[in-house]
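Given next are the chains, with one letter for each unit.
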Amino acid sequence: MEPIIRLENVSFSYKINEKTKVSVLKNISFSIIPGEYVAIIGHNGSGKSTLSKHLNGILTPDNGDVWVHGNNTKDTNNKRSIRQTVGTVFQHPDNQIVATIVEEDVAFGLENIEVPREEMKKRVDEALNVVKMSQFRHRPPHHLSGGQKQRVAIAGVLAMHPDCIVFDEATSMLDSFGRKEVLQVMRKMNNMGMTIITVTHHMSEAAEADRIIVIEDGQIVMDAPPREIFKHKQELKNLQLEVPSVSQMAEGIHQQFPDFSTELIQEDEFIDEVMKFSKVEVI
Amino acid sequence: MSSEFEISRSITIGQYVPTDSYIHRLDPRVKLLLFVVIVVAIAFNTSYIGNAIGLFLSLYLFWASKIPISYGLSGVKPAIPFIIILALLQLLFQGQLFSGGKVYVDYGFILITSESIRLVVVSAVRFIEIIFLSSVLTLSTSTTQLTHSIQSLLSPLKKINFPVHEISLITTISIRFVPTFAIEMEKMMKAQASRGADFGTGGWWRIIQRTKETFPIIIPLFNIALSRAEDLILAMESRCYTPGGNRSSYSVYKTLAKDYLVLLVGLLFAYLLIFYPFPF
Ligand SMILES: Nc1ncnc2c1ncn2[C@@H]1O[C@H](COP(=O)(O)OP(=O)(O)OP(=O)(O)O)[C@@H](O)[C@H]1O
Ligand SMILES: [Mg+2]
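Quick summary incoming for the structure in this document. Since we're looking at a predicted model, the values are computed, not measured.

**Considering the environment of Ser-174 of chain B**
Part 1 of the argument: Relative to the helices and strands, Ser-174 of chain B is located in helix 8 (residues 164-194).
Part 2 of the argument: With 127 residues separating them in the primary sequence, Ser-174 of chain B and Ser-47 of chain B have C-alpha atoms 39 Å apart.

Laid out in structure tokens, this is it:
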């Protein structure tokens, strides 16, 4: 299948001043296929946010190219269609809500691309429905919880009917309840056929994805399905990363009961294994 | 002790009271326009009767919009010292300028006449009327409606390249962030207070001390504002915002027959306030 996003030897550095540059991305190449659910992980400062800003042309590479549906992000004529294709949800729920009323904020992007009013109404309703925020549509944003605000931000992106949404640590400011709400929405959208790219520090969140890309010092060091990635406990540790807490617990139990599987990354798998195991023991 | 930190609670901007009265349902542009016109008319009117009618109108509007009058009074309360000081100054020093009518006191430079008393009373009442009227306007109209109305009323200026859209977006964003910054400021005051900073213990008359107290708050607040602004620009750009570009509009207001009727009545009212020779 034709990739929705393709990076070819992308390098990028921030210019601090005339003389100094900080090289952040180093020769990165990968492709994302429509409908994929990809997590990007890496420790602080490894270049994840810089990378995600390249995916919709907010930043453009110094060397190499980013192609979105075959359009180069360097071509300014493509800017609007690229940003319509790839939406971004950022970390701070407060810093991405523009309007004073929820539904107006959801409409902000649609106003920018001059969607006719009737169509706009329909899309706003639809988007608020998907994130289950319809009953809050007339509220001012400062009367919402963090998780609710983040869902409004998602609705704002969703209303533009993108093919792909990038979440840059979109759950990191939320408590576990808010995080669950947002994760559910992400799952749902992926099931609806949307491509999801999520940057995260939570390994349990990364375990939800179909594929994990591990970034270290602006380079890709691993790119595989979660189960594959989390087998490499030692390598991850060297990259200052962990495995999901479920895997850690499984490992602990495995020390006591060698039959207990260590290749568990999701909660329900873990529960299943415990059930299976306790039955075996009882009989 | 807790009260001095709770800034976000005492912010009344955008304090919309949704009672769904017919005042609430009026076209916000009509409301805004009439507000401006009537305030101007009140400013022109110097008669007792005219201002009594104005006061009556503003009270009627509270009743009609089903908003408790206490909201209006709480707007007047902080202005009372100001109104009193203004009245005293006018009474003592402006008598020479408005020296018509009966003379009550004539002592040195102090001249108190029936005309100067009229001036004092009328300007105090005027003040209260204007506070009431603006309270009704902001309590019955959401900030979004207001900014949209401003945009809509200013839109003829687009022809002379006045950035109407940008102005209205800037207004919206500022209003949007008022509560956010208030909360931010609260957090910061608590953080500073827990490290021994002293807020609000000096009386309000110790202006210099109280100003100094705010520096450790204002400077970090600027920092936060700037970094938020950067984030906001990124988020807006990601959602296809192009400065100066064409945009469509989500909220559209229809002016109905009843809006025109209210507009007509309001304009007539303002006309009378300005031009009718009230006897008293
Ligand atoms: N606007 C900027 N100007 C200069 N340097 C920057 C800028 N933004 C980021 N950097 C630097 O680029 C490097 C990568 O930053 P980036 O934000 O991409 O990392 P990250 O992986 O997203 O980190 P985190 O997990 O903390 O979000 C860091 O060393 C950072 O200091
Ligand atoms: Mg980051």
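**Some points on the sheet that holds strand 10 (residues 219-224) of chain A**
Strand pairing in a sheet relies on backbone hydrogen bonds. The paired strands run either parallel or antiparallel.
Residues and elements named next belong to chain A.
Part 1 of the argument: Across the sheet, six strands lie side by side as 6-7-8-3-9-10; this open sheet has mixed pairing. Each edge of the sheet is formed by a strand with only one pairing partner; in this case those strands are strand 6 (86-89) and strand 10. When strand polarity is set aside, the average angle formed by the axes of neighbouring strands in this sheet is 20 degrees.
Part 2 of the argument: Where strand 3 (residues 37-41) meets strand 8 (residues 195-199), four bridges bridge the pair, whose relative direction is parallel. Pairing of Tyr-37 across the sheet is with Ile-196, part of strand 8.

**Quick notes on the site of ligand 1**
All names here are of chain A.
Part 1 of the argument: If you check the shell around ligand 1, you find 13 residues, and the closest are Gly-45, Lys-48, Ser-49, Thr-50 and Glu-169.
Part 2 of the argument: In this structure, an oxygen atom belonging to ligand 1 sits 3.0 Å away from a main-chain N or O atom of Gly-47.
Part 3 of the argument: For ligand 1, whose accessible area on its own is 640 Å², the fraction buried by protein is 61%.
Part 4 of the argument: With three residues, helix 1 (residues 48-54) is the single largest residue contributor to the shell around ligand 1.
Part 5 of the argument: Of the residues in the shell around ligand 1, the class split is three nonpolar, eight polar and two charged.

**Things to note about the environment of Lys-149 of chain A**
Residues and elements named next belong to chain A.
Part 1 of the argument: Structurally, Lys-149 can be placed in helix 5 (residues 146-158).
Part 2 of the argument: Placed 47 residues apart in sequence, Lys-149 and Val-102 show a C-alpha to C-alpha distance of 8.7 Å.
Part 3 of the argument: Leave out the neighbours within four places in its chain, and Lys-149 touches Pro-93, Asp-94, Ile-97, Pro-141 and Leu-144.

**Quick look at unusual backbone geometry**
Glycine aside, residues mostly have negative phi angles, and peptide bonds mostly take the trans form.
Part 1 of the argument: Even without being a glycine, Gln-240 of chain A presents a positive backbone phi close to 60 degrees.
Part 2 of the argument: Positionally, Gln-240 of chain A belongs in the loop between helix 9 (233-238) and helix 10 (245-256).
Part 3 of the argument: You will see that Asp-20 of chain B, though not glycine, has its phi angle at about 60 degrees, which is positive.

**Focus: the interface of chain B and chain A**
Part 1 of the argument: Listed as interface residues are 30 residues of chain B and, on the opposing side, 39 residues of chain A.
Part 2 of the argument: Here chain B and chain A share an interface that buries about 3100 Å² over both sides, 54% of which is from carbon and sulfur atoms.
Part 3 of the argument: Counting the surface chain B buries against chain A, the share from its top three residues, Arg-176, Arg-239 and Tyr-250 of chain B, is 32%.
Part 4 of the argument: In this structure, the connection of chain B to chain A is made through two salt bridges.
Part 5 of the argument: In this assembly, chain B and chain A are joined by 13 residue pairs in polar contact (both at pLDDT 80 or more).
Part 6 of the argument: Every element with two or more residues in the side of chain B that touches chain A is listed here: helix 7 (143-154), helix 8 and helix 9 (207-238) of chain B.
Part 7 of the argument: A breakdown of the residues in the side of chain B that touches chain A according to their chemical character gives 13 nonpolar, 11 polar and six charged.

Thresholds, definitions, all that
Residues numbered from 1 in each chain as written. Chains lettered and ligands numbered in written order. Predicted model: local features only at pLDDT ≥ 70, side-chain atom pairs only at ≥ 80, totals over all residues. Heavy atoms only, no water. Helix = DSSP H or I, 4+ residues; strand = E, 2+ residues; numbered from the N terminus. Pairing = 2+ DSSP bridges. Axes fitted to C-alpha atoms, helices over the stretch in contact; angles between N-to-C directions. Near = heavy atom within 4 Å. Polar contact = N/O pair within 3.5 Å; in protein donor to acceptor, adjacent residues only side chain to side chain. Areas by Shrake-Rupley, 256 points an atom, 1.4 Å probe, with all protein chains shown as cover. Nonpolar A, V, L, I, M, F, W, Y, C, P; charged D, E, K, R; others polar. Contact = heavy atoms within 4.5 Å. Buried area = accessible area lost by both parts, 1.4 Å probe. Salt bridge = Lys/Arg side-chain N within 4 Å of Asp/Glu carboxyl O.

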